[in-house]
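# A look at the structure
This is what each chain is made of:
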Amino acid sequence: MIQRSNRLRWITGFKYRTTEPYWLFTNFRPKKAIELNRIHLTREGLLFIEAGYSSDGPSGPTIDTKDIMPGATGAHDPGYELLRNEMMGVPVDIVQPEQRAGERLIYNTPDEEKVIKNASHEQIRHEFDKLLADLMLLDGQIVCQKFDKYPRFKKLLGKVLVFRAQYFYDGLRLGGVSSAIVCRKEYAAP
């Protein structure tokens, strides 16, 4: 007789799995460290993704290119997963840096939002959306540097990549709220 668990449980919707750790410093300052499904957010704002983290990658009308993957899979998807789990009940502050890639280009942060104590779900979601836009712009600059020999093409590509970051940001602001609230459906068999 085969011995086994009563059932296998799984969720769907993943296209990518990280093969090595990825980290970046964010503007989030949780009151205590948060850990969830290979995602770690320290009190200092370090977002650390373990190898093996699964993500659906960029969403919407887009092509999954290398310049979008760090922002989508390495920051935005883990952030929304934390939001779907209500930041594990941990209060979070947001502290804006002096300079950001998308500030005044993609979005504007009012002075009263430079430091947010006990940020709301929506304020945290907005910050993850801005983080994705920032990373898209920074990684877009890296892509553009590969075309230094073709200055006219480089300039055009730069404009296209700014446009792409803008429509991702706008799309998330308009339609991303459900992805930050609703947890993935869990299936079971037999």
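Attention here is on the structure that accompanies the text.

Rules behind the numbers
- Residues numbered from 1 in each chain as written.
- Predicted model: local features only at pLDDT ≥ 70, side-chain atom pairs only at ≥ 80, totals over all residues.
- Heavy atoms only, no water.
- Phe/Tyr/Trp six-rings, centres within 6.5 Å; stacked < 30°, edge-to-face > 60°.
- Pairing = 2+ DSSP bridges.
- Helix = DSSP H or I, 4+ residues; strand = E, 2+ residues; numbered from the N terminus.
- Contact = heavy atoms within 4.5 Å.
- Axes fitted to C-alpha atoms, helices over the stretch in contact; angles between N-to-C directions.

### Observations regarding the packing of aromatic side chains
The description of two aromatic rings rests on the distance between their centres and on the angle between their planes. All told, the structure shown has six aromatic pairs when counted by the stated rule. Grouping aromatic residues by their ring pairs yields a cluster made of Phe163, Tyr167 and Phe168.

### Details of the sheet that holds strand β4 (residues 28-30)
What the three strands build is an open sheet, ordered β4-β9-β10; its pairing is antiparallel. Each edge of the sheet is formed by a strand with only one pairing partner; in this case those strands are β4 and β10 (115-116). Here β4 runs beside strand β9 (residues 92-95); their pairing, made up of three bridges, is antiparallel. Residue pairing across strands places Pro30 opposite Val92, the latter belonging to β9. Running over the sheet, helix α2 (residues 121-145) touches β4, β9 and β10 and is turned about 45° from β9.

### Looking at the sheet that holds strand β6 (residues 39-41)
The strands making up a sheet associate through hydrogen bonds between their backbones, and the pairing can be parallel or antiparallel. Strand order in this open sheet of four strands is β3-β7-β6-β5, and the pairing throughout is antiparallel. One side of each edge strand has no neighbouring strand; the edge strands of this open sheet are β3 (22-25) and β5 (34-36). When the angles between neighbouring strand axes are averaged without regard to direction, this sheet yields 10°.

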